[in-house]
Amino acid sequence: MDYSTIWPYLLSLIVFLIFFEQLSYLKKKSFLPGPSLIFPFIGNAISLVRNPTSFWDRQSILAKSSHHGLSANYIIGRFILFVRSTDLSHKIFANVRPDAFHLVGHPFGKKLFGEHNLIYMSGQQHKDLRRSIAPNFTPRALSTYTSLQQHIILKHLKAWVDLSMSKNQEPIPMRFLCRDMNLETSQTVFVGPYLRDESRKRFNYDYNFFNVGLMKLPIDLPGFAFRNARLAVSRLVETLGVCAAESKVRMTEGQEATCLIDFWMRENMADSEPAHSSSIEIGGYLFDFLFAAQDASTSSLLWAVTLLDSHPEVLARVREEVSVIWSPESDTLITAEQLREMKYTEAVAREVIRYRAPATMVPHIAGKDFQLTENYIVPKGTIVFPSVFESSFQGFSEPDRFDPDRFMEERQEDRVYKKNFLAFGAGAHQCVGQRYAINHLVLFIAMFTSLIDFKRPKSDGCDDIAYTPTICPKDDCRVVLSKRCTRFPSLQ
């Protein structure tokens, strides 16, 4: 065969495909701001992976220049739409259904997260599952979790102080320390005694694979991070499914619920025909909880330390409030009632979440063409990114200022500007565990500030935002820690 005769045709085909791709992109982009030309086939994927902060900042600037609060781009064969407008974000959240938008959690999440996933459900099926999950977050269940959370927080705070003291006043990065603490917290709260020591080690190993793969190009081939992440998720779901099966047996025997999966399985036993109750399905949904709780919570803890360090007047008020309500010398747990009394500390937690929304965007895919504005139709297949982060800086008084008082009873900005506080989502897929997440952050702030003195040496750009995949301070929140209390509590 004479290949010399084929090359001109092959080259012509490639040129045609590139030309067609450019025309298709420009047609979908229409009048929206965005790149006029795109790199063939991969679009701006390289700039997104190399510097996601810069990429999304650019999309935000373009959206601000648009009357509609929208901007466009192109990533690996997919047209994407960045949504800055709060009203349009609500419109997307309110239209999650088969013939409109599909929540995906990650641009290539359906392939990554697996088959049994709460994120991709809609309609009655989704409502039924959320109804079965509700007993996991009752006051009684949350009270059980707060006890577990405090024991784990204390264990890690002690270890952090020891580590810091061993470094001779050299600052230590908090990101991986907080991540490890949160992973142990999630494991213990969600599946408690059912995850044995050896399984925990493998679990941590696989979750790291997953985290790394989230930020890489979606190349599903052996040796690539995305493939490793996908396989790791399958193993994690299988492990969580085994935990669910063991819990079913224990709850059938009438034993006391000690973790989230117990409360869930006990509720399922009361239902004659519980939906989506196979162990592997529940393992998939537990992984959703883990993913939602793990990285978002790590982000919030890091920003809490960062913002308390840079706002000493806020730190002083937190310490004063907590000292009136709870004393480390009491050797007792913070009770649910005491937690509710920490009004200002909770306001700080909410302001941390507003000011630095952990998951800055909530990706959706347009299942069909959708009329988003009067003169713009979102093309089918578009990946749409409503920006929770951008909404947090709209509406609120002096939104660029870190001001926990906005969430106190006197101002009630959480009610006045409720539509702009989208850190926990909105609509049918609003986070079902938001009370658990806020409790965890309040407990951490209360214990961290009461038990530990901390100092964060500043460096150029240390407060800049880095995507990991949720956001964190660029310096990984490097601090010097020392014991503040005379002794650590025993938490009886």
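Residues numbered from 1 in each chain as written. Predicted model: local features only at pLDDT ≥ 70, side-chain atom pairs only at ≥ 80, totals over all residues. Heavy atoms only, no water.

Bringing the overall build of the protein chain into the picture now. Of the regular secondary structure elements, the protein chain holds 18 helices and 12 strands. Since a compact globule built from 492 residues should have a radius of gyration of about 23 Å, the 24 Å found for the protein chain is in line with a globular shape. Seen through its principal axes, the protein chain has C-alpha atoms that stretch 85 × 55 × 45 Å. Taking all 492 residues of the protein chain together, 54% fall into the buried category. Total accessible area computed for the protein chain in this model is approximately 22,300 Å², and 56% of it derives from carbon and sulfur atoms. Taken together, the 56 basic and 53 acidic charged side chains of the protein chain have centroids lying 4 Å from each other. (Helix = DSSP H or I, 4+ residues; strand = E, 2+ residues; numbered from the N terminus. Rg over C-alpha atoms; globule rule 2.2 N^0.38 Å. Buried < 20%, exposed > 50% of the residue type's maximum accessible area, 1.4 Å probe, protein only. Areas by Shrake-Rupley, 256 points an atom, 1.4 Å probe, with all protein chains shown as cover. Lys, Arg positive; Asp, Glu negative; His and termini not counted. Charge placed at Lys NZ, Arg CZ, Asp CG, Glu CD.)

Okay, helix 6 (residues 123–133) next. When we look at burial in helix 6, the residues that qualify are His126, Leu129, Ser132 and Ile133. All buried residues of helix 6 fall inside an arc of 125 degrees around its axis, so they share one side. The outward face of helix 6, more than 90 degrees from its buried face, is lined by the exposed residues Lys127 and Arg131. Residues of helix 6 that are buried make contact with helix 11 (260–270) and helix 12 (279–310). (Arc of directions from axis to C-beta. Contact = heavy atoms within 4.5 Å.)

Our focus in this paragraph is the environment of Leu118. If you trace the backbone, Leu118 turns up in the loop between helix 5 (109–113) and helix 6. Placed 16 residues apart in sequence, Leu118 and Ala134 show a C-alpha to C-alpha distance of 14 Å. With residues up to four places along the chain from it excluded, the contact list for Leu118 reads His126, Leu129, Ile133, Tyr285, Asp288, Phe289 and His429.

The next thing to look at is the packing of aromatic side chains. Summed over all chains, the structure comprises 30 aromatic pairs. With a centroid separation of 6.0 Å and 85 degrees between ring planes, the pair formed by Tyr145 and Tyr436 is classed as edge-to-face. A residue pair is termed long-range when its members are at least 10 positions apart, and Tyr145 in helix 7 (residues 139–166) and Tyr436 in helix 18 (residues 434–451) qualify at 291 residues. Residue class for Tyr436 comes out buried when judged on its relative accessible area of 8%. Each residue in the set Phe137, Tyr145, Phe190, Phe263, Trp264, Tyr285, Phe289 and Tyr436 is aromatic and connected to the rest through ring pairs, giving one cluster. The residue whose ring lies beneath Arg354 is Phe396, and the NZ or CZ to ring-centre distance is 5.2 Å. (Phe/Tyr/Trp six-rings, centres within 6.5 Å; stacked < 30°, edge-to-face > 60°. Lys NZ or Arg CZ within 6 Å of the ring centre and 35° of its normal.)

Read these as layout, nothing more, since geometry by itself doesn't imply function.
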